[in-house]
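# Structure assessment
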Amino acid sequence: MKLQRGLAVGLLLLAVPVAVVRPLAAQANRGAASGIRDASGHPFRTPAGSPLEPVHRLALLSATRNSLRDGIALADVGDRLGFWIRRDPNGEVEYAGAIHGGAFSRFDLGGPDQALIEVHYRIGALLRARFGEVAARAELYHVSSHLGDEFLLDTGARPISTSREGLELLLQGSPVSGLTVYGGPGVLLRATPDFEPLSLRAGAAWESAAGARARFYASVDYFGWAELEWEPAIAAELGAGLGRGTRVGLLLGFGPSRAEQFLRQSERLIGLSVSHVR
């Protein structure tokens, strides 16, 4: 049932970006192309609402696992550096290279010292491209994680090895102004221990029109992994923009934990998030 449910959700979300590829390619308008460029003008806009993306984020959350509720804080630091871009003369095709990386930390707000619970790292080399109104991104990435020293001493927990390298390919389009959709598969190239290799990510993000007195946004992200029997990990956000790239809003999470050391534990997250992405 988990496999069927997870695949159903993933394929439904993935069908959205796939379904708009042909009409996007046929329409060829500048407005749609701008929806799949980042703030630097490079192809493929960062899915800032995805827990897998390196962005700057501070969140105060209630986390529920196995009927136990804890107060936690997420402190994420992440950014990307575009180092190369090439455009054809008519502007319909462009290629760009970049690297990105981030540290994703979780702290215990219920303890006397607000100790570090877990931190994991993601570093990736990106090849991004745009073909008319469709963007694509290939990422070769490394992920590893560690439990906090105080958490280990207090709980006697045993860390697990989540170190792995993989390749992910995402397509992205903007079928209407303000809406961006994306999705695609991933495969592990190396992992210790040997995890199941296949994964799927898909999602959508909406922002109100630029220049409006108040700017709002909403996003939803799905991640399914064969290692977790395709149990869907859902992240959603809803809020307002405070400035260029800065947002504050309600953060929700369901399914396998976004903390790598607890990836086999399901949890529910709800709370306030402040994030920034260039």
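Residues numbered from 1 in each chain as written. Predicted model: local features only at pLDDT ≥ 70, side-chain atom pairs only at ≥ 80, totals over all residues. Heavy atoms only, no water.

## Quick notes on the nonpolar core
Of all hydrophobic cores here, the largest spans twelve residues; its members are Ala-59, Leu-61, Ala-63, Ile-72, Leu-74, Ile-117, Leu-147, Phe-151, Leu-251, Ala-259, Phe-262 and Leu-269. Contributing elements (two or more residues each) for this core: β1 (56-65) and β2 (68-87). Looking at which element gives the most residues to this core, the answer is β1, with three residues. Beyond its immediate sequence surroundings of up to four residues, Ala-259 is in contact with Arg-106, Glu-118 and His-120. In terms of nonpolar packing, the next biggest core, distinct from the first, is built from eleven residues, Tyr-141, Phe-195, Ala-233 and Leu-263 among them. (Core = buried A, V, L, I, M, F, W, Y, C linked by side-chain atoms within 4.5 Å. Buried < 20%, exposed > 50% of the residue type's maximum accessible area, 1.4 Å probe, protein only. Helix = DSSP H or I, 4+ residues; strand = E, 2+ residues; numbered from the N terminus. Contact = heavy atoms within 4.5 Å.)

## What about the pairing of strand β9 (residues 216-225)?
One face of the sheet, then the other: side chains in a regular strand alternate in exactly this way. Where burial is concerned, most of β9 is hidden: seven out of the ten residues are buried. Examined bridge by bridge, strand β8 (residues 198-207) and β9 share nine bridges and lie antiparallel to one another. Note that in β9 the partner of Glu-207 across the bridge is Tyr-217. Judged from the eight bridges that link them, β9 and strand β10 (residues 233-243) form a sheet pairing that is antiparallel. Bridging across to β10, Val-220 finds its partner in Ala-236. (Pairing = 2+ DSSP bridges.)

## Looking at unusual backbone geometry
Omega for the bond connecting Thr-192 with Pro-193 falls within 30 degrees of zero, at -5 degrees, which places this linkage in the cis form. Relative to the elements of secondary structure, Pro-193 occurs in the loop between β7 (179-191) and β8. Unlike most non-glycine residues, Glu-229 shows phi in positive territory, near 55 degrees. Note that Glu-229 resides in the loop between β9 and β10.

## A word on the pattern of salt bridges
The tally for this structure, following the rule as stated, stands at 20 salt bridges. Linking Asp-79 and Arg-278 is a salt bridge whose minimum nitrogen-to-oxygen distance equals 3.0 Å. Here Asp-79, found in strand β2, pairs with Arg-278, found in the segment after β12 (266-276); they are 199 residues apart in sequence, far enough to count as distant. For Asp-79, a relative accessible area of 27% corresponds to the partly exposed category. One network of salt bridges, with partners in common, ties together Glu-53, Arg-122, Arg-137, Glu-139, Glu-168 and Arg-201. (Salt bridge = Lys/Arg side-chain N within 4 Å of Asp/Glu carboxyl O.)

## Observations concerning the side chain of Arg-65
With respect to the secondary-structure elements, Arg-65 resides in strand β1. There is a polar contact of 3.1 Å between the side chain of Arg-65 and the side chain of Gln-265. Not counting residues up to four positions away in its chain, the partners in contact with Arg-65 are Asp-70, Arg-106, Gln-265, Ser-266 and Glu-267. (Polar contact = N/O pair within 3.5 Å; in protein donor to acceptor, adjacent residues only side chain to side chain.)

## A look at the layout of surface pockets
A volume near 900 Å³ is recorded for the largest pocket. The wall of the largest pocket is formed by 39 residues, among which Arg-37, Arg-45, Glu-207, Arg-215 and Gly-245 lie closest to the centre. If you list the elements that add at least two residues to the lining of the largest pocket, you get α2 (30-34), β7, β8, β9, β10 and β11 (246-256). In this structure, the second largest pocket encloses a volume near 270 Å³. Along its surface, the second largest pocket is lined by 17 residues, and Asp-108, Ala-115, Ile-117, Phe-151 and Thr-155 are the ones closest to its centre. (1 Å grid on protein atoms, 1.4 Å probe; cavity = no way out; pocket = protein on both sides within 12 Å on 5 of 7 lines; lining within 4 Å. Points joined across faces, edges and corners; volume = space filled by probe spheres on them.)

## Structural notes on the packing of aromatic side chains
Applying the stated criterion to the full structure yields three aromatic pairs. Seen in terms of ring centroids, Tyr-95 and Phe-131 are 6.0 Å apart; in terms of plane orientation they differ by 80 degrees. Their pairing is edge-to-face. Placement of the pair is Tyr-95 in strand β3 (residues 93-108) and Phe-131 in strand β4 (residues 116-131), with a sequence separation of 36 residues. Residue classification places Tyr-95 among the partly exposed residues on the basis of a relative accessible area of 35%. Here Phe-131 falls in the partly exposed class, since its relative accessible area comes to 40%. Judged by centre distance (5.9 Å) and plane angle (85 degrees), the ring pair of Phe-151 and Phe-262 falls under edge-to-face. Of this pair, Phe-151 sits in helix α3 (residues 149-155) while Phe-262 sits in the loop between β11 and β12; the two residues are 111 residues apart in sequence, bridging distant segments of the chain. A single burial state applies to Phe-151 and to Phe-262, both of which are buried. Just above the ring of Phe-262 sits the side chain of Arg-65; from NZ or CZ to the centre is 5.6 Å. Geometry around Tyr-141 places Arg-122 over its ring, the cationic atom sitting 4.1 Å from the centre. (Phe/Tyr/Trp six-rings, centres within 6.5 Å; stacked < 30°, edge-to-face > 60°. Lys NZ or Arg CZ within 6 Å of the ring centre and 35° of its normal.)

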